[in-house]
Amino acid sequence: MFGAILGDIIGEPYEFDRGNKTKDFPLFDENPIFTDDSVMTIAICDAIFQAGLDADEDEMKEEFVESMQFWGSKYPNAGYGARFSDWLYMEEPKPYGSYGNGSAMRVSSVGWLFDTLERTREVARWSAEVTHNHAEGVKGAEATASVIFLARNGKSKAEIKSYVESEFAYDLSRTCDEIRPTYFHQESCQKTVPEAITAFLEGKDFEDVIRTAVSLGGDCDTLTAIAGSMAEAFYGVSAELKAKAYSIVKDDMREVLHSFETAVKFKSGK
């Protein structure tokens, strides 16, 4: 979850192909900001805590909807897409068939909070279906949460790559050097999640994953949020970078982040 928020903050200045496709850039902007990616990442985590880890589909989905609408109304100018922005204020919100990458950028806490891969995929699917109920939107969320689950449970990058290719049929054959020259702003899961996974697979440490993702360009805050969420699970995030994330988000977001950090430490026995 820290990885997603840091990826969002670090990638934001280069969204809409504003970067020059290099890994050599200041890690943080002079005035770093978070976007809808961070707000909705917080919202999904908060919903899980409100519903409880053992909640059934109806209970969990109800909390996802209420939480995203609640947090979205608190931060209405965070940069939501047009259809999602409309959904945030509906009295009876319904899924709208989206395959946008929003389902994948907000799902990171799901990859951390559940004990089995099956349950992780189930809750990830529910978190997508309340808005992004297109098959590709669901797949993006499930794939992202699965990579996080496998990474935090000690699987190698080769094992993770094999699982993603077999379970989700994403093409992970291209390198970042092959992707970079022709990659541009994309907001679909199918043209963001594989690239984020590739950046994660190629990165040498947490920061290198972030820099690699930013260097691809495109929908840079979301792409880097997804890649960063995976990198955190595999490499961890330094205390210094966690402190930076805490310093940029707002007090109410810090409370959820702290609850997440406490829950993860409890589950790991640390």
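What counts, and where the lines are drawn
Along every chain, residues carry numbers that run from 1 in the direction the sequence is written. Only residues with pLDDT of 70 or above have their local features reported here, since the model is predicted, and side-chain atom pairs are shown and tallied only from 80 upward, although totals for entire chains, interfaces and linings are computed over all residues. The side-chain quantities take in all heavy atoms of the structure and omit both hydrogens and water. When the sulfur atoms of two cysteines come within 2.5 Å, that pair is taken as a disulfide. Burial classes: relative accessible area under 20% of the type maximum marks a residue as buried, over 50% as exposed, and values in between as partly exposed (1.4 Å probe, protein chains only). Nonpolar core, defined: a set of buried Ala, Val, Leu, Ile, Met, Phe, Trp, Tyr and Cys residues in which side-chain atoms within 4.5 Å join the residues together. Secondary structure elements follow DSSP: runs of H or I no shorter than four residues count as helices, runs of E no shorter than two count as strands, and numbering proceeds from the N terminus. Residue contacts follow a heavy-atom distance rule, with two residues in contact if any of their heavy atoms lie within 4.5 Å. The patch calculation keeps residues exceeding 30% relative accessible area without a salt bridge and links them within 9 Å when they carry like charges or within 5 Å when they are nonpolar (Val, Leu, Ile, Met, Phe, Trp, Tyr). In these tables, accessible area is a Shrake-Rupley quantity obtained with a 1.4 Å probe, and a residue counts as shielded only by the protein chains included in the view. Any carboxyl oxygen of Asp or Glu that lies within 4 Å of a side-chain nitrogen of Lys or Arg is treated as forming a salt bridge with it. For the purpose of counting charges, residues Lys and Arg are taken to be positive, whereas Asp and Glu are taken to be negative. His and the chain ends are not included. For charged residues, the charge sits on one atom: NZ in Lys, CZ in Arg, CG in Asp, CD in Glu.

**Remarks on the state of the cysteines**
No. 1: A full pass over the atoms with the stated rule returns zero disulfides.
No. 2: With no disulfide partner, C189 has as its closest neighbouring cysteine sulfur the one in C220, 17 Å distant.
No. 3: Sulfur of C220: no disulfide; nearest cysteine sulfur belongs to C176 and is 12 Å away.
No. 4: Among the residues examined, C220 registers a relative accessible area of 0% and is labelled buried.

**Focus: the nonpolar core**
No. 1: Counting residues in hydrophobic clusters, the biggest one holds 94 residues, and the most contacted among them are V39, M40, F64, M68, W71, V110 and I197.
No. 2: It is helix 8 (residues 135-152) that contributes the most residues to this core, nine residues altogether.
No. 3: Dropping the residues within four chain positions of it, V110 is found in contact with I44, I48, T120, V123, A124 and A145.

**As for a negative patch on the surface**
No. 1: A surface patch of negative charge is lined by D56, D58, E59, E62 and E66.
No. 2: Here E59 falls in the partly exposed class, since its relative accessible area comes to 43%.

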